[in-house]
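Residues per chain, in single letters:
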Amino acid sequence: MFGRITVSFFLMFLVSSASAQDWAKKMFAETNHDFGTVARGAKSEFVFEFQNIYKETVHVASVRASCGCVTPSIQTDTLETWEKGGIHVKFNTATFVGNRNATITVVIDRPYFAEVQLGIKGLIRSDIVFNPGTVNFSNVDQGNEATQTVHVSYAGRSDWKIVDVRSANTNLMVELNEVERFSGRVGYKLKVNLKPGTPAGFFNSEMILVTNDSAARQVPLLVEGNVQSPLSVSPASLALGSLEVGQKITKNVVVKGNQPFKIVGVQCSDCFEVTLPEEAKELHVVPVQFTAKAAGKIAETIEFNTDLGGATGSCTVSGTVTDTAIAAQQ
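Residues numbered from 1 in each chain as written. Predicted model: local features only at pLDDT ≥ 70, side-chain atom pairs only at ≥ 80, totals over all residues. Heavy atoms only, no water.

How should I be thinking about the packing of aromatic side chains in this particular structure?
Counted by the stated rule, this structure contains 8 aromatic pairs. Both rings, one in Phe-46 and one in Phe-48, keep their centres 5.0 Å apart while their planes meet at 85°; by these two values the pair is edge-to-face. We note that Phe-46, like Phe-48, is buried. Chaining the aromatic ring pairs together yields one cluster made of Tyr-154, Trp-160 and Tyr-188. (Phe/Tyr/Trp six-rings, centres within 6.5 Å; stacked < 30°, edge-to-face > 60°. Buried < 20%, exposed > 50% of the residue type's maximum accessible area, 1.4 Å probe, protein only.)

How do you make sense of the sheet that holds strand S23 (residues 312–322) when you look at a structure like this?
Sheets are built from strands paired through backbone hydrogen bonds, the pairs being either parallel or antiparallel. Strand order across the open sheet formed by 4 strands is S17-S23-S22-S19, with mixed pairing between neighbours. Where the open sheet ends on each side, the last strands, each with one partner, are strand S17 (237–244) and strand S19 (263–267). Within the sheet, the average angular offset between the axes of one strand and its neighbour, ignoring direction, is 20°. Bridge count between S19 and strand S22 (residues 296–306): 4 bridges; the pairing is antiparallel. What sits directly across from Gly-265, in S22, is Asn-305. (Pairing = 2+ DSSP bridges. Helix = DSSP H or I, 4+ residues; strand = E, 2+ residues; numbered from the N terminus. Axes fitted to C-alpha atoms, helices over the stretch in contact; angles between N-to-C directions.)

Quick question: what am I supposed to make of the nonpolar core here?
Across soluble globular proteins, nonpolar side chains show a tendency to be buried alongside one another. If you look at the biggest cluster of nonpolar residues, it comprises 30 residues, and the most contacted ones within it are Met-27, Phe-28, Ile-87 and Val-106. Those elements giving two or more residues to this core turn out to be helix H1 (17–25), strand S1 (32–40), strand S2 (44–51), strand S3 (58–65), strand S6 (84–91), strand S7 (98–110) and strand S8 (114–131). Take this core: its biggest share by element is 5 residues, from S8. Phe-137, Trp-160, Val-192 and Phe-203 belong to the second largest nonpolar core, which has 28 residues in total. (Core = buried A, V, L, I, M, F, W, Y, C linked by side-chain atoms within 4.5 Å.)

Please explain the side chain of Ser-44 as it appears in this structure.
Mapped onto the fold, Ser-44 is located in strand S2. Excluding residues within four positions of it along the chain, Ser-44 makes contact with Phe-35, Val-38, Val-89, Lys-90, Phe-91 and Thr-93. (Contact = heavy atoms within 4.5 Å.)

Honestly, unusual backbone geometry in this entry has me stumped. Any pointers?
Where the residue is not glycine, phi is negative for most of them; where a peptide bond is considered, it is trans in most cases. Following Asn-131, the chain continues to Pro-132 via a peptide bond in cis, the omega torsion being -5°. Following the sequence through the fold, Pro-132 ends up in the loop between S8 and strand S9 (135–141). Here the residue pair Ser-234 and Pro-235 is connected by a cis peptide bond, since its omega of 0° sits within 30 degrees of zero. By the secondary structure assignment, Pro-235 is in the loop between strand S16 (231–234) and S17. Within the chain, Trp-82 stands out as a residue other than glycine whose phi angle is a positive 75°. The backbone phi angle of Ser-183 is positive, close to 50°, even though this residue is not glycine. With respect to the element layout, Ser-183 can be found in the loop between strand S12 (172–182) and strand S13 (185–194). Judged by relative accessible area, Ser-183 falls into the exposed class, the value being 62%.

As far as function goes, none of this settles anything; it's purely spatial.
If you want it as structure tokens, here you go:
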């Protein structure tokens, strides 16, 4: 995204003040964002990403918005060379409606003063309301099914309909039921199920409600959550240090679950010898022996398979193997 060439600010004084402001803008991947058409109460957020492409440390002093329809905040205020930060923007759909435009001003005071203007726009529909404003699964244990419900309300045309619900997230199943249609008011209950096989980790995606309204054919609904693995492996990264060819080293890896379980298998290269316990316990201390077979960098992964709902856990292994015999000949 950015060229790998650092630039010194010494040259900044050789150009005009207008051009001097441009150095800050060049750090941003984009400076405009369109939220599109969103429902009232919908959770709508965006992050303007930026990266320090200069040798000097960059400090963001403040950020302000020209309109109360957005609330900006600084994710990281101090960036060394090549470090990344972001300006988080919340679209205040609960308190504003209609077409909204705002300018967010990012004030930088180090290494030199500069201001960057970021543009925001979007249409908040007052006739479409989400309650709650997002499908939030919060924390779900991996292997469990979870369900969240959102009520969609519309006021206006008596023939208004949601004709389809689309999502690129294959781990979601949707059930849509019309619950009200009276005097121009329409209501739907949107039931969203998270499949048990959803991978562990945070996720953030959108569902698109497709309507028969040409003015708002597609209305986005944010879906977010955190699927927590019932299994943890410590350390997550195993450092073996520097070894010689033929050398063996043994390290302990701790595999912990939220209930007693068995480790039923392990996947790794033939450089490893792993002694698996036979009994079911909540915590297993697993000896892992590594044999340095060839010179070079060690970049391996050990994956533990369990009977805990099929949950797996892994750790990465790093290190260096040298061959002193070859080195001596050279």
